[in-house]
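Here's the letter readout for the chains.
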Amino acid sequence: MIELIPAIDIINGQCVRLTKGDYDQKTVYSDSPTTMAKEFETLGFQRLHVVDLDGAKSKHIVNEAVLKAITAETSLIVDFGGGIKTDEDIEKAFTAGAAMVTVGSVAVTNPDLFMGWLEKYGAERMILGADVRHGKISINGWKEDSSEDLLPFLKKYVDAGVKNVLCTEISKDGTLAGPAIDLYKRVMDAYPELHLIASGGVSSKEDIDALDAAGIPAVVFGKAIYEGKIDLKELRSKELRSK
């Protein structure tokens, strides 16, 4: 069974979702990300994906206090991303309770720094963020497109020992238009050893079933939860039955 990872995106301390990464297309779903995290834990989820959207935009961690609150008040395994650009940022994230960090922009702009973190913290605690728009890796809160093509970008880091990759198809994110299954299949065909986390476009249980059938190891989803498109109790019970 595919690993199910609910998502909490944070702006100004609130739980929000963007459409296609556009900060001008923002919907606020809760004033308390910690309360949302507790609800996910009550439903039996073990993992949580937390994104500091202010941090991604500002190029440094901003919502450290929210991360601290979530990890202090739940036992969820939290992976945290957004604004991790320096040694100080990554230490802040781990000190605040993150079990893993998701790093994308630095892997593009400063490969040596990313490689140093991979060696220092280990592959199990590092998730390579590979956010794709028009086939290119996007960085800095999806505000900029790099010249990096997805598969060669991944190869460099898979060869260096990366095991976890979070791949978002930006054109799908927050749209409820269905996930980019063909994209994820290409990644898995090229690197079957990866723990690939699909992200973007999930709108229903059927979308998750399709990812599962395609052999995708894990999925992050958010807007479908907040818009009531997915019954989390049903989804969670299916996950438990399959184990």
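None of these values were measured; they are calculated from a predicted model.

Digging into the environment of Ala 69
Thought 1: Within the secondary structure, Ala 69 is located in helix α3 (residues 64-73).
Thought 2: The sequence separation of Ala 69 and Pro 33 amounts to 36 residues, and the corresponding C-alpha distance is 9.0 Å.

Examining the side chain of Lys 223
Thought 1: With respect to the element layout, Lys 223 can be found in helix α10 (residues 223-226).
Thought 2: Although Lys 223 is buried, it forms no salt bridge, and the closest oppositely charged side chain is Glu 227 at an N-O distance of 5.0 Å.
Thought 3: Excluding residues that lie within four positions of it along the chain, Lys 223 makes contacts with Arg 17, Thr 19, Tyr 29, Gly 174 and Leu 176.

Structural notes on unusual backbone geometry
Thought 1: The phi dihedral of Lys 59 falls on the positive side, at around 70°, and the residue is not glycine.
Thought 2: Counting through the fold element by element, Lys 59 comes out in the loop between α2 (53-58) and α3.
Thought 3: Despite not being glycine, His 134 shows a phi value in the positive range, around 55°.
Thought 4: With respect to the secondary-structure elements, His 134 resides in the loop between β7 (126-133) and β8 (136-139).
Thought 5: Accessibility expressed as a relative area gives 73% for His 134, which makes it exposed.

So, the packing of helix α1 (residues 33-42) against α3
Thought 1: Here α1 crosses α3 at 30°, and the two axes come no closer than 9 Å. Our classification of the angle between α1 and α3 gives roughly parallel. In the packing of α1 onto α3, the handedness of the crossing is right-handed. Contacts between α1 and α3 involve Pro 33, Thr 34, Ala 37, Lys 38 and Glu 41 on the former and, on the latter, Val 66, Ala 69, Ile 70 and Glu 73.
Thought 2: Residues that form the contact of α1 with α3 fall into these classes: 5 nonpolar, 1 polar and 3 charged.

What counts, and at which threshold
- Residues numbered from 1 in each chain as written.
- Predicted model: local features only at pLDDT ≥ 70, side-chain atom pairs only at ≥ 80, totals over all residues.
- Heavy atoms only, no water.
- Helix = DSSP H or I, 4+ residues; strand = E, 2+ residues; numbered from the N terminus.
- Buried < 20%, exposed > 50% of the residue type's maximum accessible area, 1.4 Å probe, protein only.
- Lys, Arg positive; Asp, Glu negative; His and termini not counted.
- Salt bridge = Lys/Arg side-chain N within 4 Å of Asp/Glu carboxyl O.
- Contact = heavy atoms within 4.5 Å.
- Axes fitted to C-alpha atoms, helices over the stretch in contact; angles between N-to-C directions.
- Parallel < 35°, antiparallel > 145°, perpendicular 65-115°, else oblique.
- Left-handed = near helix turned anticlockwise from the far one by under 90°.
- Nonpolar A, V, L, I, M, F, W, Y, C, P; charged D, E, K, R; others polar.

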